[in-house]
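Each chain is listed here by its residues.
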Amino acid sequence: MINTLDKTNFNLPNQTNYYKGKVRDVYTIGDSKLVMIASDRISAFDVVLPKGIPYKGQVLNQIAEQFLNATKDIVPNWLITSPHPNVSIGKMCVPFKVEMVVRGYLAGHAARTYASGLRTLCGVNLPEGLKENDKLPNPIITPTTKASEGHDEDISREEIIKQGIVSKEHYEQLEKYTLALYARGQEIANKMGLILVDTKYEFGLFNGEITLMDEIHTPDSSRYFYLEGYESRQAKGEEQKQLSKEFVRRWLIENGFQGKEGQSIPHMSDEWIAEISNRYIELYEKVTGKKFVKADYDNVLAEVENSIIKAL
């Protein structure tokens, strides 16, 4: 198997903090910049799986960079530069402790909730008679709490404001930005022969201004369907052809794992890891319209570190 970038342990100039997320390693520089390294770790059901996926971090970082640049006319974002295929350097924001999940279709978690008989998700009422993957009458926002550890939890707009997690004024602006970003994402996806089904955004404050953070429109934060044949597949009750991390979740579910206590992560064969890697690369090329150029992983840690030091 190809080398993977599973972890970093740098001591960067003027480094003041280090945080290891599920997928990203985040270094704080002074009190104003963040260095975010997209590793090849993969998580599902809020659990990091035991093996890395070749080129996954590069795919995430480069898709996010493209879409951050394509949406900066809608909302300011954190990105300053991307000095290496796996690295982004940007402004350090004070994050809002919610993730803004937006859905245009009944898929994934929303579909599982609906199938259980519930017709309300995060305080949003869903109409009767929907099938999995049907288009919703209008895009809906179904926020989650942003957990530093463990599972993010569904929460309603009303509870967010009532609990003071985000002020009413800020939350209303987050909703506007979320719907505008989703509309732009759908527009770009349609041009590439895709449907942006659902996605999530994270925001923070930088110098008092709401700023888009982290990644956007990547396979880890979004679900895409192929546009061609969508209507006929829905009419026949067939599964949608999709590009997202959902295939990994489904494989885990089929093998008895949903991140619950007492469950074991199934064995990930080299063939399965290669399949996941190929799917991520396929998504990159389909979403961006660009040929994926694999980074050289022979001396990746040194190259990542040197690129950061040079950029800083």
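Conventions and cut-offs
Residues numbered from 1 in each chain as written. Predicted model: local features only at pLDDT ≥ 70, side-chain atom pairs only at ≥ 80, totals over all residues. Heavy atoms only, no water. Salt bridge = Lys/Arg side-chain N within 4 Å of Asp/Glu carboxyl O. Buried < 20%, exposed > 50% of the residue type's maximum accessible area, 1.4 Å probe, protein only. Helix = DSSP H or I, 4+ residues; strand = E, 2+ residues; numbered from the N terminus. Pairing = 2+ DSSP bridges. Axes fitted to C-alpha atoms, helices over the stretch in contact; angles between N-to-C directions. Contact = heavy atoms within 4.5 Å. Expected span 1.5 Å × (residues − 1). Phe/Tyr/Trp six-rings, centres within 6.5 Å; stacked < 30°, edge-to-face > 60°. Core = buried A, V, L, I, M, F, W, Y, C linked by side-chain atoms within 4.5 Å.

Draft legend 1. Inspection of the pattern of salt bridges at higher detail. Using the criterion set out here, one finds 26 salt bridges in the structure. For Glu128, the salt bridge is made with Arg119, and the minimal N-O distance between the two is 3.1 Å. We classify Glu128 as exposed; its relative accessible area is 60%. Across the salt bridge formed by Lys168 and Glu172, the nearest N and O atoms sit 2.6 Å from each other. You can see Lys168 and its partner Glu172 sitting in helix 4 (residues 168–191), 4 residues apart, about one turn around the helix. A relative accessible area of 28% places Glu172 in the partly exposed class. Shared partners join several salt bridges into a network, and the residues in it are Arg103, Arg112, Glu132, Asp198, Arg223, Glu239, Glu246, Arg249 and Arg250.

Draft legend 2. Highlighting the sheet that holds strand 1 (residues 15–20). Pairing is antiparallel across the open sheet formed by 5 strands, whose spatial order is 1-2-3-7-6. Taken across any chain shown, the strands that pair with only one partner, and hence form the sheet edges, are strand 1 and strand 6 (79–84). Taking each pair of neighbouring strands and ignoring which way they run, the sheet shows an average axis angle of 20°. Pairing of strand 2 (residues 24–29) with strand 3 (residues 33–38) involves 6 bridges; the strand directions are antiparallel. Looking at strand 3, one finds that Tyr27 is bridged to Val35. In the packing of helix 1 (residues 56–70) onto the sheet, the strands contacted are strand 2, strand 3, strand 6 and strand 7 (87–91), and the crossing angle to strand 6 comes to about 145°. Where helix 8 (residues 300–311) meets the sheet, its contacts fall on strand 3, strand 6 and strand 7, and the angle it forms with strand 6 comes to roughly 140°.

Draft legend 3. Quick peek at helix 1. The terminal C-alpha atoms of helix 1 lie 21 Å apart, and with 15 residues this matches the ideal 21 Å at 1.5 Å per residue to within 8%. Of the residues making up helix 1, those classed as buried are Lys56, Gly57, Gln58, Val59, Leu60, Asn61, Ile63, Ala64, Phe67 and Leu68.

Draft legend 4. Structural context of the packing of aromatic side chains. Following the criterion strictly, the structure yields 12 aromatic pairs and no others. Relative to Tyr297, the ring of Tyr55 lies with its centre 5.3 Å away and its plane at 55°, an arrangement referred to as tilted. Highlighted residues: Tyr55 in the loop between strand 5 (47–48) and helix 1 and Tyr297 in the loop between helix 7 (270–288) and helix 8, separated in sequence by 242 residues. On the basis of relative accessibility, which here comes to 8%, the residue Tyr55 falls in the buried class. When its relative accessible area of 4% is taken as the criterion, Tyr297 is described as buried.

Draft legend 5. Quick peek at the nonpolar core. Counting residues in hydrophobic clusters, the biggest one holds 81 residues, and the most contacted among them are Val35, Ile37, Phe203, Tyr224, Ile276 and Ile308. If one sorts the elements of this core by residue count, helix 7 sits on top with 8 residues. Not counting the four nearest positions on each side in its chain, Phe203 is found in contact with Val75, Pro95, Phe96, Met100, Leu174, Tyr177, Thr178, Leu181, Ile210, Thr211, Leu212 and Met213. Counting residues in each nonpolar core, the second largest holds 10 residues, with Leu106, Ala110, Leu130 and Ile140 among its members.

As far as function goes, none of this settles anything; it's purely spatial.
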